[in-house]
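In case you want the letters, here they are:
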Amino acid sequence: MTMHIRPVLKGAALMALGAVLLPASWSARATPPSPAPIPSSTASVPGWTDFLDGLRGLPDAILARLPVEQRNDPQIRQEVGRLALSAVAAASIDALAADPNHPVFIPQISNYITTGQPNADTNYRSAKIAPGGTYRLRGRRGSMNLVRIAEGGPRPKQVAGQVNLGGIRPVHDLNALPVDAEGRYNVILSPTKPEGYKGDWWQLDPSSTMLLVRMVGSEWGKEIEPTLSIERLDIPAPRPRPSAAVLEEKLRSIPVSAGFIAPLLVDRVEKLRADGIVNSLRGADMTQLGGLKGQFYYEGAYALKDDEALIVEAPLPERCGYRSLILTNDIYETTDWYNNHSSLNAAQAPADKDGILRIIVSARDPGVPNWLDTAGFATGAIQGRWTDCSSQPVPTVRKVKVADVRKSLPKDTPTITAQERDRLLRDRRAALQQRPLW
């Protein structure tokens, strides 16, 4: 009997509490008052309907760039939906937070906002700036392997069938800045150096409209992320209330921004296949696609059966600031590296004693350290980076059976057990989750 009474008493107690919290005039009513009438269309939020209408065709625009067999694949259709949602999320964050007069570094692409094929080792943040403005960056430099701040400008006019994000603009090296006893830096960015200023200064292209930060780590969990603040110095510090016109413009910008970035690279893997770059690699020019200055890219499509593996081999450069190898799916989203062993950098993938870097790509775990897990994607792309390296070799690729992988590697290649792999994956996931994204 008690078991039936307690839930009733609990419900009665909540109802009594609700009666206490309600205005006295409501307590005698059986139902709450009717809501205020919904404003007519002429009084609604201007731009909201256009914002929604502008997003309706986004998945179709992405699918239109794919071959018929992919357009008809239910799995890829849903992954296209995720890609579209990623683009909308990124554009929405930008609309809510970006302000050239009162900027802040906001998160960009990541394991969960997948437009633009993010690098697994990189935290990306961006801040909008006003052309010709004067800005100051302050914070602690930290100990990341690579921290670069690239300027971005207005998007050039696009040519049908091509993508052009503009030529390479200045790139600034945060690690090159001097710091005080507490590891803090303080640098001004402006088109011309402020008169009488004797501190650290970076020259800013007068037409630049954005700063994009890449914080690249190799030893996850050991390196210290830099801290970043940005402020505009040539206007007053307070931020006035944004006008209705500005808010409407931001709302209307979301479909435009998402509609540009979401389909941008979705057919890149298919283009590699069309060029015959399957289970092989070639150098890739990313200068018009926002690639980092001084970084050499190589990539190729892969196609593997469940019992097949690729052995990717390259002589290790004598000097190298950073290197990595990652995988993507068919629509050029980076394979989930938080929950799969699908990316490797210099700290995670040592070269063999003969100076050759060997990495295995396969669906099945071959039981060796340098393994990239295709994570359920039988087809996709491999992409590598050499940054500030003395040479930029394009690796060779050969296909073997997973059962024969160890025969193709040096005899002293270590063995990774299933238990060790599970621990490695859990440790990398913990280290990645502990990296700040904002």
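Residues numbered from 1 in each chain as written. Predicted model: local features only at pLDDT ≥ 70, side-chain atom pairs only at ≥ 80, totals over all residues. Heavy atoms only, no water.

Quick look at the environment of S362 now. Along the chain, S362 turns up in strand β15 (residues 356–362). With a relative accessible area of 0%, S362 lands in the buried category. In the structure, S362 is positioned 60 residues away from Y302 in sequence and 9.9 Å away in space, judged by C-alpha atoms. There is a polar contact of 2.9 Å between the side chain of S362 and the side chain of W371. (Helix = DSSP H or I, 4+ residues; strand = E, 2+ residues; numbered from the N terminus. Buried < 20%, exposed > 50% of the residue type's maximum accessible area, 1.4 Å probe, protein only. Polar contact = N/O pair within 3.5 Å; in protein donor to acceptor, adjacent residues only side chain to side chain.)

Attention now moves to the side chain of S190. Here S190 is to be found in strand β6 (residues 184–190). For S190, the side chain forms a polar contact with the side chain of W201, separated by 2.9 Å. Setting aside anything within four residues of it in sequence, one finds S190 in contact with G133, T134, W201, W202, Q203 and L204. (Contact = heavy atoms within 4.5 Å.)

Throughout the structure, instances matching the rule amount to 4 aromatic pairs. On the numbers, 5.6 Å between centres and 65° between planes, the contact of Y112 with Y338 is edge-to-face. Of this pair, Y112 sits in the loop between β1 (106–107) and β2 (122–128) while Y338 is found in the loop between β13 (320–328) and β14 (343–345), placing the two residues 226 residues apart along the sequence. By relative accessible area, which is 8% here, Y338 ends up buried. Clustering of aromatic rings is evident, with ring pairs tying together Y112, W337 and Y338. (Phe/Tyr/Trp six-rings, centres within 6.5 Å; stacked < 30°, edge-to-face > 60°.)

Taking strand neighbours across the sheet as the criterion, the 5 strands line up as β1-β2-β8-β4-β5 in an open arrangement whose pairing is antiparallel. Two strands lie at the open edges of the sheet, namely β1 and β5 (171–173), each paired on one side alone. Pairing geometry for β2 and strand β8 (residues 210–216), over 7 bridges, is antiparallel. The partner of T122 across the bridge, within β8, is V216. (Pairing = 2+ DSSP bridges.)

By themselves, these observations are geometric and do not establish any function.
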